[in-house]
Amino acid sequence: MRLTSGFLVGVAVVAVAIVIVVSVINWGAVGDAGISANGWIALILGVLVTLALGIGLMALVFISNRRGYDEPPDNDR
């Protein structure tokens with residue numbers, strides 16, 4: 001039984017909709033919560049580290065592809 005791309009897109013849309021609904025419910029349950037100065041610092045550092053990691057890994061993917069490390073081995077030698 002082959003899964004069609006339309007079915008997979010439908011499953012992905014339903015999953016995203018469920019995540020959005022759960023997020024909205026949880027956001028409303030938290031109420032009006034403030035973030036301290038230490039919380040803002042931790043948030044900013046977390047975002048910066050995550051961005052640096054993502055950018056660094058993507059750069060390694062592009063470098064690896066351009067240098068030919070992702071090509072299959074050449075056994076003709």
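Before any of the text, the structure's been laid out above.
All figures in this text were calculated on a predicted structure; none of them were measured in a lab. (Residues numbered from 1 in each chain as written. Predicted model: local features only at pLDDT ≥ 70, side-chain atom pairs only at ≥ 80, totals over all residues. Heavy atoms only, no water.)

### Topic: the overall build of the protein chain
To keep things clear, this is the line we draw: What counts as a helix is a DSSP run of H or I of at least four residues, what counts as a strand is a run of E of at least two, and both are numbered from the N terminus. The quantity called the radius of gyration is restricted to C-alpha atoms. Its globule counterpart is 2.2 Å times the number of residues to the power 0.38. Three exposure classes are used, based on accessible area relative to the maximum for each residue type with a 1.4 Å probe and protein chains only: buried under 20%, partly exposed in between, and exposed over 50%. Surface exposure here means Shrake-Rupley accessible area, sampled with a 1.4 Å probe, where a residue is shielded only by the protein chains that are shown. As used throughout, the charge tally considers Lys and Arg to be positive and Asp and Glu to be negative, leaving His and the chain termini uncounted. Working definition for charges: the position is that of NZ of Lys, CZ of Arg, CG of Asp or CD of Glu.
Across its full length, the protein chain carries 2 helices and 0 strands. A compact globule built from 77 residues would reach a C-alpha radius of gyration of about 11 Å, whereas the protein chain, at 22 Å, exceeds it by more than 25%. For the protein chain, the spread of C-alpha atoms along the principal axes amounts to about 65 × 45 × 15 Å. Residue burial in the protein chain is summarised as follows: out of 77 residues, 1% are buried. Summed over all atoms, the accessible surface of the protein chain reaches about 7300 Å², with 71% contributed by carbon and sulfur. Considering the protein chain, the positive charge centre built from 4 side chains and the negative charge centre built from 5 side chains are found 5 Å apart.

### Details of the side chain of serine 64
Worth spelling out the cut-off: Throughout, a residue-residue contact means that at least one pair of heavy atoms, one from each residue, lies within 4.5 Å.
Inspection of the secondary structure assignment puts serine 64 in helix α2 (residues 37-66). In contact with serine 64, not counting residues within four places along its chain, are Tyr69 and Asp70.

### Digging into α2
The following threshold applies: Given the number of residues in a helix, its expected span is that number minus one, multiplied by 1.5 Å.
A rise of 1.5 Å per residue sets the reference length of α2, with its 30 residues, at 44 Å; its end C-alpha atoms lie 43 Å apart and thus fit the reference within 8%. Of the residues trailing α2, glycine 68 is marked for its positive phi of about 85°.

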